[in-house]
Amino acid sequence: YVLLSMAMAMILVLSACATDDNSNMIQDLENRLATEQTKVEALESTINEHQNTIMTLTALNEENIMKISELNSTIEELQILSSSQSNTLLQEALEVMELFKNQDASGLDSRVSPTRGVRFSPYQFVDENTDITFYPGNTVPSMFTNTTVYAWGEYDGSGDTIAGEFASYYPRFVYDVDFFNPEMIAINTFLSSGSMINNIEDVYPNDQFVEFYFSGFDPQYFGMDWRSLTLVFEDVNGTWYLVGVIHGEWTT
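For every chain, the first residue of its written sequence is number 1, and the numbers climb from 1 along that sequence. This being a predicted model, a pLDDT of at least 70 is required before a residue's local features are given, and a value of 80 or more before pairs of side-chain atoms are given or counted; all residues contribute to the totals for chains, interfaces and linings. For side-chain calculations, the full set of non-hydrogen atoms in the structure is used, while hydrogens and water are omitted.

A.B. asks: Looking at this model, I keep getting lost on the overall build of the protein. Mind explaining?
C.D. replies: Helix and strand counts for the protein come out as four helices and eight strands. The N-to-C order of helical and strand elements in the protein reads α-α-β-β-β-β-α-β-α-β-β-β. In the protein, which comprises 252 residues, the share counted as buried stands at 29%. Approximately 15,600 Å² of the protein is accessible, and the part contributed by carbon and sulfur atoms is 56%. Under the DSSP-based scheme used, a helix requires at least four consecutive residues in state H or I and a strand at least two consecutive residues in state E, with every element numbered from the N terminus. Three labels apply to residues, based on accessible area from a 1.4 Å probe with only protein chains included: buried if under 20% of the type maximum, exposed if over 50%, partly exposed otherwise in between. Where accessible areas are quoted, they stem from the Shrake-Rupley method and a 1.4 Å probe; at the residue level, only the protein chains shown are allowed to cover.

A.B. asks: Mind showing me how you'd approach the nonpolar core here?
C.D. replies: Across soluble globular proteins, nonpolar side chains have a tendency to be buried as a group. Nonpolar core, defined: a set of buried Ala, Val, Leu, Ile, Met, Phe, Trp, Tyr and Cys residues in which side-chain atoms within 4.5 Å join the residues together. Core analysis: the largest hydrophobic core is formed by 37 residues, its most contacted members being Phe100, Phe120, Phe134, Met143, Phe166, Val174 and Leu231. The element contributing the most residues to this core is helix H1 (residues 2-101), with six residues. Should any heavy atoms of two residues lie within 4.5 Å, those residues are counted as being in contact. Contacts of leucine 231, omitting those with residues within four sequence positions, involve Ala93, Val96, Met97, Phe100, Gln208, Phe209, Val210, Phe212, Leu242, Gly244 and Val245. Counting eight residues, the second-largest nonpolar core is a separate cluster that includes Tyr204, Phe209, Val232 and Val243.

A.B. asks: Help me understand the sheet that holds strand S8 (residues 239-249) in this model?
C.D. replies: Each strand in a sheet pairs with another by means of backbone hydrogen bonds, the pair being arranged parallel or else antiparallel. What makes two strands pair is DSSP finding at least two bridges between them. Spatial ordering of the open sheet is given by S2-S1-S8-S7-S6-S5, a layout of six strands whose pairing is mixed. Because the sheet does not close on itself, it has two edges, and the strands there are strand S2 (132-134) and strand S5 (184-187). In this sheet, neighbouring strand axes are inclined to one another by 20 degrees on average, regardless of whether the strands run parallel or antiparallel. Here strand S6 (residues 208-214) runs beside strand S7 (residues 227-236); their pairing, made up of seven bridges, is antiparallel. Bridging from a neighbouring strand, glutamine 208 pairs with phenylalanine 233 of S7. In this analysis an axis means a line fitted to C-alpha atoms, helices contributing only their contacting stretch, and an angle means the value between N-to-C directions, from 0 to 180 degrees.

A.B. asks: Which parts of the structure should I look at to understand the pattern of salt bridges?
C.D. replies: Once the charged atoms of two side chains with opposite charge are near each other, the side chains can pair. Every case where a carboxyl oxygen of Asp or Glu lies within 4 Å of a side-chain nitrogen of Lys or Arg is listed as a salt bridge. For the coordinates displayed, the defined rule picks out seven salt bridges. In this structure, the salt-bridge partner of arginine 116 is aspartate 207, at a minimum N-O distance of 2.8 Å. With arginine 116 in the loop between helix H2 (105-109) and strand S1 (118-121) and aspartate 207 in the loop between helix H4 (200-203) and S6, this pair connects stretches of sequence that are 91 residues apart. Its salt-bridge partner being arginine 227, residue aspartate 176 comes within 3.0 Å of it at the nearest N-O pair. Here arginine 227 lies in strand S7 and aspartate 176 lies in the loop between helix H3 (166-173) and S5, a separation of 51 residues in the sequence. Judged by its relative accessible area of 24%, aspartate 176 falls in the partly exposed class.

A.B. asks: Would you explain the pairing of S7 in this entry?
C.D. replies: Each regular strand shows side chains that alternate between the opposite faces of the sheet. Counted residue by residue, S7 has seven buried out of 10 residues, so it is predominantly covered. Remark: two residues form the turn of the hairpin made by S7 and S8, two consecutive strands paired antiparallel; asparagine 237 in that turn has positive phi of roughly 55 degrees.

A.B. asks: Mind showing me how you'd approach the packing of aromatic side chains here?
C.D. replies: Two numbers describe a pair of aromatic rings. These are the distance of the centres and the angle of the planes. In this scheme Phe, Tyr and Trp rings, the latter by its six-membered ring, pair at centre separations within 6.5 Å, and the angle between planes marks the pair as stacked below 30 degrees, edge-to-face above 60, and tilted otherwise. Scanning the model with the defined rule gives 24 aromatic pairs in all. Here the aromatic rings of tyrosine 170 and tyrosine 175 are separated by 6.4 Å at their centres, their planes lie at 10 degrees, and the arrangement is stacked. The pair formed by tyrosine 170 and tyrosine 175 is uniform in burial state, with each residue classed as buried. Placement of a positive charge over a ring is assigned whenever Lys NZ or Arg CZ falls within 6 Å of the ring centre and within 35 degrees of the normal to the ring plane. The ring of phenylalanine 173 carries the charged tip of arginine 172 above its face, separated from the ring centre by 4.3 Å.

A.B. asks: What am I meant to see in the side chain of threonine 139 here?
C.D. replies: Looking at the element boundaries, threonine 139 is found in the loop between S2 and strand S3 (150-154). Any N or O atom pair separated by 3.5 Å or less is treated as a polar contact, with the protein-specific requirement of one donor-capable and one acceptor-capable atom, and with residues adjacent in sequence counted only for side-chain atom pairs. Within polar-contact distance, the side chain of threonine 139 engages the backbone nitrogen of tyrosine 135 at 2.9 Å. Aside from chain neighbours lying at most four places away, what touches threonine 139 is Phe134 and Tyr150.

A.B. asks: Would you mind showing me how to read the side chain of aspartate 207 here?
C.D. replies: By relative accessible area, aspartate 207 is classed as buried at 11%. Discounting chain neighbours no more than four positions away, the residues touching aspartate 207 are Arg116, Val232, Phe233, Glu234 and Val243.

A.B. asks: Explain H3 to me, please; I cannot follow it from the model alone.
C.D. replies: Residue pairs three or four apart in sequence face the same way in an α-helix, which turns once every 3.6 residues. Every buried residue of H3 is listed here: Phe166, Tyr169, Tyr170 and Phe173. Viewed along the axis of H3, the buried residues span an arc of 110 degrees, placing them on a single side of the element. Of all possible arcs, the one meant is that of the directions from the helix axis to the C-beta atoms.

So this is what it looks like as structure tokens:
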């Protein structure tokens with residue numbers, strides 16, 4: 001009986017210990033589950049945030065794609081307009097150069113700006129105070145036959161006055177070489193370069209220009225015998241008018 005009682009007591013003790021161990025294990029598992037649940041909830045929150053960010057970025061990307069498309073269309077339109085304008089300017093410059101070649105004063109008269117006239121500059125430094133300006137309907141129509149003597153500026157190097165009628169100025173500082181058939185032509189950029197300051201863009205900031213250029217003629221001068229003639233035009237409601245004729249050459 002004593003042994004039986006002891007055995008029963010041992011069983012109850014072991015049973016109690018097993019129940020405590022199971023309770024601890026269950027509690028531990030529940031804690032772990034709660035921790036994992038918290039992690040899952042945090043991950044779901046992060047995923048939702050990323051999804052919202054992706055949706056926002058996608059919308060912005062679509063908006064940017066539309067803007068880029070619009071900008072590309074605008075660029076294409078401007079390029080077409082610029083190309084068309086440049087082609088028109090070049091055509092006008094070639095026609096004016098042909099008129100100079102043929103000494104066609106009446107033809108030039110309709111191409112010169114009626115308000116600004118056309119300024120003749122013997123060198124690429126344009127002197128707004130001393131360079132001579134001819135006006136249509138006045139001095140342009142008779143420019144090749146007018147015997148009026150003008151002071152056109154000063155010769156580079158000597159400083160002597162460039163004096164004479166237009167007929168004597170023309171073969172030296174306008175059409176001294178065949179500019180109608182140049183080596184190169186540039187629109188709104190300069191091919192020539194020399195020691196003299198070129199202030200054409202400063203004097204004509206809102207105008208367009210075309211340079212007719214020869215890099216040289218005699219190899220022994222290594223390009224120092226280059227020549228250029230720059231025609232400057234103003235755009236008045238889509239019509240080009242000549243406002244400047246600038247001769248260029250190597251200066252000391």
